[in-house]
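Here is what each chain is made of, one letter per residue.
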Amino acid sequence: MEKLAIYGKGGIGKSVVATNLSAHYALSGKRVLHVGCDPKHDSSVKLMNGTAVTTVMASLGRRNGNRNPSSIVNRGKFDIHCIESGGPAPGVGCGGRGVARAIEIIDDSGLLDPARYDVAIFDVLGDVVCGGFAAPLRSGMARKVLIVVSEEPMALYAANNIAKAVITYAPNGVVLGGLIANIRTDPDQAPFVEAFAARLNTRILSYIQRDALIIAAEKKQMTVMEYARDSKVTDIFRSLADRVYDLDPGGVAPPTPMSDDDFFTFIRG
């Protein structure tokens, strides 16, 4: 069973990547579990025909702690099963706690049994890798970590911190599969992102183009995988999905994240 965690700074495009990978795997005949690990609980909207699902936190509140998997699993497009962790109201409580509770329930319920699913994708907020947002890296959860980055310093800063979390959870078999580059402002900055990947001892798995089809699909609350199946950008997502699926964790070297001082020296350089 493939278990992937897609991290990245808020707004970097990780949900676009996660939902298109989920759609590709499902359209390829695989049984897919898609888990949104963000208090905004919007990762699965494009997989649920624009409908927000009942979150784990809301389900627990209404059902007095009921941990029945059927109360949190929602059937979406292409028979993708979706879970959203949810979280507390803005300004109240810890957002990471909702993620941690969702992971606890997924684990206790045996939802990651290979008899149920072929692929599980965790779409995780990565601005701050606190204990809650690192919960998908616990033993038995996601094994391959993918980080969506841009050429912007704070996106790379978040990626560097996520790489530190990978080192922390490496005893659980967690590896950094690579970076997915979403160049947002200046295509000429690709070599800078490549230099960052080399410094982190990892690779660029794919460059996601700034394609109008992605925006058009978002407006329709669809993945580009279904909105424009024969497009070049869809081919990019297909190629990325296949490359990630075939990646052997045993052959992946650990990342070499920088200290904060070294990171800012790198950025200035």
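Structure report, in brief. None of the values given here were measured: they were computed from a predicted structure. (Residues numbered from 1 in each chain as written. Predicted model: local features only at pLDDT ≥ 70, side-chain atom pairs only at ≥ 80, totals over all residues. Heavy atoms only, no water.)

Spatial strand order, 3-4-2-5-1-6-7-8: eight strands in an open sheet with mixed pairing. Of all strands in the sheet, those with a lone pairing partner are strand 3 (74–75) and strand 8 (204–207), marking the two edges. Relative to strand 4 (residues 81–84), strand 2 (residues 32–37) runs parallel, the two being bridged by four bridges. Residue Val35 lies in a different strand from strand 4, and its bridge partner there is Ile83. On top of the sheet, helix 1 (residues 14–27) reaches strand 1 (2–8), strand 2, strand 5 (119–125), strand 6 (144–149) and strand 7 (175–181); it is set at about 170° to strand 5, its chief contact. Sheet strands in contact with helix 8 (residues 232–246) are strand 1, strand 5, strand 6, strand 7 and strand 8, and its direction is about 165° off that of strand 8. (Pairing = 2+ DSSP bridges. Helix = DSSP H or I, 4+ residues; strand = E, 2+ residues; numbered from the N terminus. Contact = heavy atoms within 4.5 Å. Axes fitted to C-alpha atoms, helices over the stretch in contact; angles between N-to-C directions.)

This next bit is on helix 1. In this model helix 1 runs 20 Å from its N-terminal to its C-terminal C-alpha over 14 residues, within 8% of the 20 Å that 1.5 Å per residue would give. Most of helix 1 sits inside the fold, with 13 of its 14 residues counted as buried. One or two positions beyond helix 1, positive phi appears at Gly29, with a value near 95°. (Expected span 1.5 Å × (residues − 1). Buried < 20%, exposed > 50% of the residue type's maximum accessible area, 1.4 Å probe, protein only.)

Let's shift gears to the nonpolar core. One finds Ile83, Phe122, Val145, Ile147 and Phe196 to be the most contacted residues of the largest nonpolar core, which totals 49 residues. Sequence-distant contacts of Ile83, that is, excluding residues within four places in its chain, are made with Leu33, His34, Val35, Gly36, Val56, Ile72, Val73, Ile106 and Leu111. Core analysis: the second largest hydrophobic core is formed by 35 residues, Ala26, Ile208, Phe237 and Ala241 among them. (Core = buried A, V, L, I, M, F, W, Y, C linked by side-chain atoms within 4.5 Å.)

Moving on: unusual backbone geometry. Phi angles above zero are rare outside glycine, and His41 is one such case at about 45°. Topologically, His41 is positioned in the loop between strand 2 and helix 2 (56–62). Residue class for His41 comes out partly exposed when judged on its relative accessible area of 30%. Notably, Asn49 is not glycine yet its phi reads approximately 55°, a positive angle. Mapped onto the secondary structure, Asn49 falls in the loop between strand 2 and helix 2. For Asn49, a relative accessible area of 59% gives the class exposed.

In terms of residue burial, strand 5 counts as a mostly covered element, since seven of its seven residues are buried. Two strands pair when backbone bridges link them, and strand 1 and strand 5 are joined in this way by seven bridges, in the parallel orientation. Counted as the bridge partner of Tyr7 is Val124 from strand 5. Summarising the sheet, strand 2 and strand 5 pair through six bridges and their orientation is parallel. Across the sheet, residue Val35 finds its bridge partner in strand 5, namely Phe122.

The next thing to look at is the packing of aromatic side chains. For the structure shown, the criterion picks out seven aromatic pairs. For the pair Phe192 and Phe266, a centre-to-centre distance of 5.7 Å together with 15° between the ring planes defines the contact as stacked. Residue Phe192 is found in helix 5 (residues 190–199), and its partner Phe266 is found in helix 9 (residues 260–268); the two are separated by 74 residues along the sequence. Taken together, the ring pairs connect Tyr157, Phe192, Phe196, Phe263, Phe264 and Phe266 into an aromatic cluster. Stacked on the ring of Tyr245, the Lys or Arg Lys30 has its end atom at 4.6 Å from the ring centre. (Phe/Tyr/Trp six-rings, centres within 6.5 Å; stacked < 30°, edge-to-face > 60°. Lys NZ or Arg CZ within 6 Å of the ring centre and 35° of its normal.)

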